[in-house]
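# Geometric and topological summary
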Amino acid sequence: MNEAEETPEAANGALAPRVFSGIQPSGGLTLGNYLGAIKRFVEMQNSGIETIYCIVDLHAITVWQEPEKLRHATRELCAGYIAAGLDPGKSVLFNQSQVSAHAELGWIFSCVARIGWLNRMTQFKDKAGKNREKASVGLFSYPTLMAADILLYHATHVPVGEDQKQHLELTRDIAAKFNHDYGVDFFPLPEPVIEGTATRVMSLRDGSKKMSKSDPSDMSRINMTDDADTIAKKIRKARTDPDALPSEAAGLEGRPEARNLVSIYAALADTSIDAALQQVGGKQFSQFKPMLAELAVEKLAPIAAEMKRLMQDPGHLDAVLADGATRAHRIAAPIMERTLDIVGMVRAR
Ligand code: TYM
């Protein structure tokens, strides 16, 4: 056990920053995943902080996944990570099921979290819908496994999109209750990092709905594997309103579709909404949409091409994930061991 991990100081402010985040391999990657998460993952990696990025396959099976499709989606997500700029030499990239401590700590946290807490989770309500009784137990306890993902590494910062905020708050509640119940200061309270202009990318068909891989309409989203023509077509057909674009962000008030397209433009151009509006304010959508399509193709097409290339060598992707899993296990093992000790499990000395 690393001494630094045990001291109360280590559990809070004095811990070196460590970033953890994850994405489910449940279908293809969307522009929402890219702008809300992966692009931020790359920025954090390149800022020199220790970064660990997971493909959360155990989370994916909380709803039914065809085994072969799950394997394919896991490799495709690994390819997406790398194609978008994650470097397996700099970040730890791995799939969750290869580090069994995730499930182990998830169990312990399911004994810490309260049913009332999980009952409040909006993602469960949305995903289970009216058929709550038929939802898997895993879908209900999903956030306890997510807390385990993060806390298993004593991660301090978690880059996510807006929709994960409530899960991050629950993670902090679990860490605090564990520390309190066992009289330790062992788990740090991780900070959500929800920043940038596209923390909630909306559907191209309905500006009040999140862009999602599970939306039945493919026209509602841009997939990271879409080709240039498809991207351009989806943007051309995206829902808008009849007015010209405003010159200031305040003018986007009450115009969800306009706000969404401008946010996407700003995020792809690495600029602020105000700066983007200085450039495109006053334009009609008929003028703005081709600009957005051109920018989207310029930024996304090379990623799609690189994903395709990487997918031709699944053995290489599997090797990247196996190596990442070994490195992840090395970080997680002492934290898991100490957790079991704190809880009172008899361990070989
Ligand atoms: P998932 O797989 O649904 O989404 C992965 C990441 O993409 C972000 N995202 C979006 N951001 C902006 N606009 C959108 N339309 C959009 N859609 C998705 C999500 O916010 C997320 O950051 N529970 C997580 C996976 C997870 C995890 C973790 C994340 C499991 N363990 C530990 C962080 C830390 C999820 O379902 O993400």
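Small disclaimer: the values here were computed from a predicted structure and weren't measured.

How each quantity is defined
- Residues numbered from 1 in each chain as written.
- Predicted model: local features only at pLDDT ≥ 70, side-chain atom pairs only at ≥ 80, totals over all residues.
- Heavy atoms only, no water.
- Patch = residues over 30% accessible without salt bridge, like charges linked within 9 Å, V, L, I, M, F, W, Y side chains within 5 Å.
- Areas by Shrake-Rupley, 256 points an atom, 1.4 Å probe, with all protein chains shown as cover.
- Salt bridge = Lys/Arg side-chain N within 4 Å of Asp/Glu carboxyl O.
- Lys, Arg positive; Asp, Glu negative; His and termini not counted.
- Charge placed at Lys NZ, Arg CZ, Asp CG, Glu CD.
- Helix = DSSP H or I, 4+ residues; strand = E, 2+ residues; numbered from the N terminus.
- Buried < 20%, exposed > 50% of the residue type's maximum accessible area, 1.4 Å probe, protein only.
- Domains from an automatic or database assignment.
- Contact = heavy atoms within 4.5 Å.
- Buried area = accessible area lost by both parts, 1.4 Å probe.
- Polar contact = N/O pair within 3.5 Å; in protein donor to acceptor, adjacent residues only side chain to side chain.
- Near = heavy atom within 4 Å.
- 1 Å grid on protein atoms, 1.4 Å probe; cavity = no way out; pocket = protein on both sides within 12 Å on 5 of 7 lines; lining within 4 Å.
- Sits in = over half its atoms within 2 Å of the grid points.
- Disulfide = S-S within 2.5 Å.
- Pairing = 2+ DSSP bridges.
- Right-handed = clockwise from strand over helix to strand, strands pointing away.
- Points joined across faces, edges and corners; volume = space filled by probe spheres on them.
- Nonpolar A, V, L, I, M, F, W, Y, C, P; charged D, E, K, R; others polar.
- Axes fitted to C-alpha atoms, helices over the stretch in contact; angles between N-to-C directions.
- Parallel < 35°, antiparallel > 145°, perpendicular 65-115°, else oblique.

## A closer look at a positive patch on the surface
Residues Arg-205, Lys-233, Arg-236 and Lys-237 make up a contiguous surface patch of positive charge. Within the secondary structure, Arg-205 is located in the loop between β5 (191-193) and α11 (228-237). For Arg-205, a relative accessible area of 37% corresponds to the partly exposed category.

## Side note on the domain arrangement of the protein
How big an interface is tends to be stated in terms of accessible area lost as the parts join. Split by domain assignment, the protein resolves into domain 1 (3-199 + 313-343) and domain 2 (218-309). Using only C-alpha atoms to locate each centre, domain 1 and domain 2 end up separated by 30 Å. Taken together, the contact between domain 1 and domain 2 spans 15 residues of the former and 19 residues of the latter. Summing both sides of the interface, domain 1 and domain 2 together bury roughly 1,300 Å²; the carbon and sulfur share of this comes to 73%. Counting the surface domain 1 buries against domain 2, the share from its top three residues, Leu-31, Ala-83 and Thr-197, is 42%. Between Lys-39 and Asp-270 there is a salt bridge, and its shortest N-O distance comes to 2.5 Å. Linking domain 1 with domain 2 are five residue pairs in polar contact (both at pLDDT 80 or more). Elements that contribute at least two residues to the side of domain 1 that touches domain 2 include exactly α3 (31-46) and α5 (67-83).

## Here's the deal with the site of the ligand
In the vicinity of the ligand there are 27 residues, among which Tyr-142, Asp-149, Gly-161, Asp-163 and Val-201 approach most closely. In this structure, Asn-33 approaches the ligand through a side-chain N or O atom, which is 3.1 Å from an oxygen atom. Considering the ligand on its own, with 710 Å² of exposed area, one finds that the protein chains cover 97% of that surface. Under a 2 Å grid-point criterion requiring more than half of the atoms, the pocket assigned to the ligand is the largest pocket.

## Things to note about the state of the cysteines
Evaluated as defined, the whole model comprises zero disulfides. The thiol sulfur of Cys-78 is not disulfide-bonded, and the nearest other cysteine sulfur, from Cys-54, lies at 11 Å. Taking relative accessible area as the criterion, Cys-78 reaches 0% and is therefore assigned buried.

## Describing the pairing of strand β2 (residues 50-55)
Burial runs high along β2: five of the six residues are buried. Both strand β1 (residues 18-23) and β2 contribute to a ladder of six bridges, which runs parallel. Within β2, the position partnered with Ile-23 by the bridge is Ile-55. Tracing the backbone out of β1, into α3 and back to the parallel element β2 gives a crossover that is right-handed. In this sheet, strand β3 (residues 92-95) lies alongside β2 in parallel orientation, the contact comprising four bridges.

## Describing the layout of surface pockets
Here the largest pocket is characterised by a volume of approximately 1,200 Å³. Along the walls of the largest pocket sit 42 residues, with Gln-123, Lys-127, Asp-163, Gln-164 and Lys-210 positioned nearest its centre. For the lining of the largest pocket, the secondary structure elements donating two or more residues are β1, α3, α8 (122-128), α9 (137-151) and β4 (157-159). A breakdown of the residues in the lining of the largest pocket according to their chemical character gives 15 nonpolar, 17 polar and ten charged.

## A word on the pattern of salt bridges
All chains considered together, the criterion is met by 21 salt bridges. Put simply, Glu-68 and Arg-71 hold a salt bridge, and the shortest N to O gap is 2.9 Å. Within this pair, Glu-68 and its partner Arg-71 are both found in helix α5, separated by three residues, close to a single helical turn. A relative accessible area of 54% places Glu-68 in the exposed class.

## Re the packing of α5 against helix α15 (residues 314-343)
Put simply, α5 and α15 touch, their axes get as near as 10 Å, and they point 80 degrees apart. As summarised for this structure, α5 and α15 are arranged roughly perpendicular, according to the angle between their axes. Contacts between α5 and α15 involve Thr-74, Arg-75, Cys-78, Ala-79 and Ile-82 on the former and, on the latter, Pro-314, Leu-317, Asp-318, Val-320 and Leu-321. Grouping the amino acids of the contact of α5 with α15 by side-chain chemistry returns seven nonpolar, one polar and two charged.

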